[in-house]
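# Chain and residue survey
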Amino acid sequence: MRIDKNHIQDTNQKYIAEHNRHFDFLSSLLSGKGYQIDSIIKKLGDFQVAIPSWALGAGGTRFGRFSFQGEPSNLEQKIDDVGVLHALTRTAGAISLHIPWDVPNDYNAIKEVANSHGVTFDAVNSNTFQDQESARESYKFGSLSNASKVIREQAIAHNIDVIKIGDKLGSKSLTVWLADGTNFPGQANFQTALTNTQNSLKDIYGELPDDWKLFIEYKPYEPNFYSTVIQDWGTSFMLANECGDKAYTLVDLGHHLPNTNIEQIVSTLMLKGKLGGFHFNDSKYGDDDLTVGSIKPYALFLIFNELVYGMENNPQNPYPAWMIDASHNTKDPLEDLMQSLEAIQEAYAKALLVDQNLLREAQVNHDVVKCQELLQDAYRTDVRPLLEKARLNRGGALHPINAYRSLNIRKNLIKDRGADSVASGL
Ligand code: LRH
Ligand code: MN
């Protein structure tokens, strides 16, 4: 599936007049306040988010999975779907692979397909939370933390294999998320599990190419429900520091206990130069992996406010990796991902409208009301014309979901792939 750029421009025709009215109004309002519209639009255009290869089909829960027709059934088709997202939104210029769900058969062919869509390979993800048919040892009781040295070595070897696969594709980072933990008090010795994990990560770290990064993803619970070895940002931060300069903490928005102040965690990690990147999603209760910005859009805005401050004031922190990690139980996966991309762009654009200097002044003067007013004035600004302009400038769709529907892309995918094709992943 490849979308003809002209067809996208055709779908824009009926919206262009309305867009121009909104854009002219907003840009006169903002330039009147001294904002550099062009630089904001350039930043939005340069903001590329990696799409998870495991979230291009219908997701499921233990209570069931409802297939979505026309799913990609191999890596080439997954990259084609990311190509569709990138053609329409111009902000999905990368894919994040999960190994062994997405091991390429022909590396050159896969790189060619990705290149033809302008898609690069972001972080590769290892998987020591499921047992592979051919595996000698089981990860039932853990992987990098396991009491058994043989099992730890199997998990370390897998991570090193994943680095090699990513290296052949041009990826520059490895994400490690461990399900390791316990379901009952007394089931494991916390200190031994953490020490084993530390040493295992160091062995993996030692195999990282010089220009690579290691992202250590934390999570409080699930699939274990009493303890998780890498349970919170502090544990990930500690493990990353012990590993070395190329190791960072990865923040999955759904991996926090209710009401956690995630924007403060982001600010602390950037100050310490250890914020590696994000898995964007949203949630109401647990690790729900819902559409970004669908439940707590203001919280997402506050996170981007800290990111904008950090990207301006923390040269010690590298440019973070932006990835989505969501699961689609009831929506068309591609429409769901386009909604997430829109919500991320919107939060970033609103955060770019926060007058950081006035905010600093109000903070120093303890003008609490003014501080909130400055944040909410930016948050309450309808920035969508800026997102539309950023897409338009790069040949994208003014309204990606409308274009996706009027171009009958899902229908064509079902025609090409059949109704029963199923995507590997969660
Ligand atoms: C764990 C997680 C991790 C992935 C998996 C698919 O909950 O967020 O990032 O490996 O989802
Ligand atoms: Mn994740």
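These notes cover the structure that comes with them. (Residues numbered from 1 in each chain as written. Chains lettered and ligands numbered in written order. Predicted model: local features only at pLDDT ≥ 70, side-chain atom pairs only at ≥ 80, totals over all residues. Heavy atoms only, no water.)

### Here we look at the overall build of the protein
For clarity, the cut-off: Strands are runs of DSSP state E lasting at least 2 residues, helices are runs of H or I lasting at least 4, and numbering of each runs from the N terminus. Based on C-alpha atoms, the radius of gyration is set beside the globule rule, defined as 2.2 Å times the residue count to the power 0.38. Only protein chains enter the accessibility calculation, which uses a 1.4 Å probe. A residue is then buried if its area is under 20% of the maximum for its type, exposed if over 50%, and partly exposed in between. Contacts are residue-level and defined by heavy atoms, with any inter-residue pair within 4.5 Å sufficient. We get accessible surface area from the Shrake-Rupley algorithm with a probe of 1.4 Å; when it comes to residues, only the shown protein chains can shield them. We score Asp and Glu as negative and Lys and Arg as positive, and we do not count His or the chain ends. Working definition for charges: the position is that of NZ of Lys, CZ of Arg, CG of Asp or CD of Glu.
When helices and strands are tallied, the protein shows 15 helices and 13 strands. Relative to the 2.2 N^0.38 estimate, which gives 22 Å for 426 residues, the radius of gyration of the protein is 22 Å and therefore close to what a compact globule would have. Principal-axis analysis of the C-alpha atoms places the extent of the protein at approximately 65 × 60 × 40 Å. Relative to its 426 residues, the protein shows a buried fraction of 55%. Relative to all contacts within the protein whose residues are 6 or more apart in sequence, the contacts with residues 24 or more apart total 80%. Just so you have it, the protein exposes about 19,100 Å², and 51% of that area is on carbon and sulfur atoms. Charge centroids of the protein, computed over 41 positive and 53 negative side chains, lie 2 Å from each other.

### Focus on the coordination of the manganese ion (ligand 2)
As a reminder of what qualifies: Here a donor is an N, O or S atom found within 2.8 Å of the metal, or within 3.2 Å if the metal is Na, K or Ca; sites may look incomplete because water is not among the atoms. Any site counts as irregular unless it has four donors with all angles between 85 and 135 degrees, making it tetrahedral, or four or six donors with opposite ones more than 155 degrees apart and the rest between 65 and 115, making it square planar or octahedral.
Taken together, E217 (OE), D252 (OD), H279 (ND1) and D325 (OD) make up the full set of protein donors to the manganese ion (ligand 2), lying 2.1 to 2.2 Å away. What the six donor atoms of the manganese ion (ligand 2) show is an angle range of 72 to 168 degrees at the metal, which sorts the shape as octahedral. Along the chain, the residues donating to the manganese ion (ligand 2) fall in the pattern E-x34-D-x26-H-x45-D. Remark: D325 occurs in the loop between β13 (321–324) and α10 (333–352) and H279 occurs in strand β12 (residues 275–280); sequence separation between them is 46 residues. We note that H279, like D325, is buried.

### Brief notes about the pattern of salt bridges
Test applied: Each reported salt bridge corresponds to a side-chain nitrogen of Lys or Arg within 4 Å of a carboxyl oxygen of Asp or Glu.
Per the stated rule, a full pass over the model turns up 16 salt bridges. In this structure, K219 engages E222 in a salt bridge whose closest nitrogen and oxygen atoms are separated by 2.7 Å. Its relative accessible area of 6% is what places K219 among the buried residues. We note a salt bridge from E342 to R391, for which the minimum N-O separation is 2.8 Å.

### Considering the site of ligand 1
The following threshold applies: Any residue with a heavy atom positioned within 4 Å of a molecule or strand is treated as near that molecule or strand. The term polar contact refers here to a pair of N or O atoms within 3.5 Å; inside protein, the definition further demands a hydrogen-donor-capable atom paired with an acceptor-capable atom, and it admits residues adjacent in sequence only when both atoms are side-chain atoms. Lys, Arg, Asp and Glu make up the charged group, whereas Ala, Val, Leu, Ile, Met, Phe, Trp, Tyr, Cys and Pro make up the nonpolar group; the residues left over, Gly among them, are polar.
Near ligand 1 you find 12 residues, and of these H98, E217, K219, D252 and D325 are the closest. Here H98 contributes a side-chain N or O atom positioned 2.8 Å from an oxygen atom of ligand 1. A distance of 3.1 Å is found between an oxygen atom of ligand 1 and a side-chain nitrogen or oxygen belonging to D287. Split by residue class, the shell around ligand 1 holds four nonpolar, three polar and five charged.

### Some words on unusual backbone geometry
P100 follows I99 through a cis peptide bond whose omega is 20 degrees. As for its position among the elements, P100 is in the loop between β4 (94–96) and α4 (107–116). The phi angle at R90 is positive, at roughly 55 degrees, despite the residue not being glycine. Phi is positive for N408, close to 50 degrees, though the residue is something other than glycine. Its location among the elements puts N408 in the loop between α14 (400–406) and α15 (409–417).

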